[in-house]
Amino acid sequence: MAKLKKKKVVKAVPKPKAYAPALHLTQDTKTATTSRYDDVYSLHQLGKITEVLENGKQAYDIISEGKANLRLEFWSERTVRFRITYGPAGRDFSYARDPKSAPSPTKIAVKKGRTVFSLTTDSLKIDIAKADGKVTIQDKATKVILHEYATAFTARTTLKQGLEQVRIQLKTDKQEAIYGLGDKGWDTDLQGTYWANYNEDAFAFGKDRKTNYRSIPFYYGLRQGQAYGLFLDNPYKSHFDFNSDGDGLTTIWADGGEMDYYFFQGPKLDT
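A short tour of the structure in this document, coming up. A quick note: this is a predicted structure, and the numbers were derived from the prediction, not measured.

**Let's talk about the environment of Gly162**
Mapped onto the elements, Gly162 comes out in strand β12 (residues 162-171). As for Gly162 and Tyr41, which are separated by 121 residues in sequence, their C-alpha atoms are 8.8 Å apart. The residues contacting Gly162, other than those within four sequence positions of it, are Arg156 and Thr157.

Have a look at this one:
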């Protein structure tokens, strides 16, 4: 009786993440001094958080041991600006913000806990992990978590190009509905998709085209009956991956500049 041949199992090669460095790049921690490389990249984060200092009207600097810097500005009890930079922040200018705009008077309480620093308004509770600067935003009334970092903020630089990426990753799931970003060749709900936020000529475009005539770096989500919005104020080409690999992550990154974004708590979009 002939022996049955065992079928050879071919393991699938994991698809590279869209935000991952190019395959020809080498991380600085793995380089050898006797080798030549096309380019070498480094990753930078906030690191350990040591203090939260008030600096300006309803604004707080998060003091850390890393090369990245975080600043929070409370524009209302429901609207918070996160400005994360690699190295010192530059001039605070934005084409998207009215020069005459100003924060609404807001009461903010700062508390130092065992593992987090907490900043609280009448509507929101923001926790910043002491270990690595991960941010969590919770609806104060319902305790629903609306915005939660899955990994710490990351900036990537290379020897030749300098700063080439700023990135945050947020926890999400298939039950969360996500809308926005302007013209996209897809269904209304963007959950499970990836998009490049960049304008290109797109005559007679079809479904799933990643770039289009109009790109707006704003989206809003519905999570456990609670609404929130996020606006990324960055003029570089930006990217939004809403759990496209089913890994439970929303990844937002830009090809340079700052991770400067506003978080809006619902249910209205004008708060």
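**A closer look at the sheet that holds strand β19 (residues 259-265)**
Read across the sheet, eight strands follow the order β3-β4-β5-β6-β19-β16-β15-β13 without closing on themselves; strand pairing throughout is antiparallel. What marks the edges here is a single partner per strand, and that holds for β3 (49-54) and β13 (177-182). Neighbour-to-neighbour, the strand axes of the sheet open up by a mean angle of 20°, direction not taken into account.

**Focus on the pattern of salt bridges**
Inspection of the entire model under this criterion finds 14 salt bridges. When the shortest N-O distance is used, the salt bridge between Lys134 and Asp132 registers 3.9 Å. Put simply, Glu176 and Arg223 hold a salt bridge, and the shortest N to O gap is 2.8 Å. Of this pair, Glu176 sits in the loop between β12 and β13 while Arg223 sits in strand β15 (residues 215-223), placing them 47 residues apart in sequence. Side by side, Glu176 and Arg223 carry an identical accessibility label, which is buried. Through salt bridges with shared partners, a single ionic network connects Asp61, Arg71, Glu73, Arg81, Asp92, Arg97 and Asp260.

**Notes on the packing of aromatic side chains**
Inspection of the entire model under this criterion finds 16 aromatic pairs. Here the aromatic rings of Tyr19 and Trp253 are separated by 5.6 Å at their centres, their planes lie at 70°, and the arrangement is edge-to-face. Of this pair, Tyr19 sits in the segment before β1 (26-27) while Trp253 sits in strand β18 (residues 249-254), and the two are 234 residues apart along the sequence. With respect to class, Tyr19 is no different from Trp253; both count as buried.

**Some details on the pairing of strand β7 (residues 109-112)**
Here four bridges tie β7 to strand β8 (residues 116-120), and the two strands are oriented antiparallel to one another. Looking at the pairing, Val110 lines up with Leu119 of β8. The loop that links β7 with its antiparallel partner β8 comprises three residues.

**Observations regarding unusual backbone geometry**
At Gln58, a residue that is not glycine, the phi angle is positive and equals roughly 55°. The topology assignment puts Gln58 in the loop between β3 and β4 (59-64). Even without being glycine, Gln224 reaches a positive phi, approximately 50°. For Gln224, the position within the fold is in the loop between β15 and β16 (226-232). For Gln224, a relative accessible area of 66% puts it in the exposed group.

**Some words on the environment of Lys111**
In this structure, Lys111 sits in strand β7. Distance from Lys111 to Asp127, taken between C-alpha atoms, is 9.5 Å for residues 16 residues apart in sequence. Here Lys111 is in contact with Val116, Phe117 and Ser118, once residues within four sequence places are set aside.

How each quantity is defined
- Residues numbered from 1 in each chain as written.
- Predicted model: local features only at pLDDT ≥ 70, side-chain atom pairs only at ≥ 80, totals over all residues.
- Heavy atoms only, no water.
- Helix = DSSP H or I, 4+ residues; strand = E, 2+ residues; numbered from the N terminus.
- Contact = heavy atoms within 4.5 Å.
- Pairing = 2+ DSSP bridges.
- Axes fitted to C-alpha atoms, helices over the stretch in contact; angles between N-to-C directions.
- Salt bridge = Lys/Arg side-chain N within 4 Å of Asp/Glu carboxyl O.
- Buried < 20%, exposed > 50% of the residue type's maximum accessible area, 1.4 Å probe, protein only.
- Phe/Tyr/Trp six-rings, centres within 6.5 Å; stacked < 30°, edge-to-face > 60°.

Remember, this is a structural readout, not a statement about activity or role.
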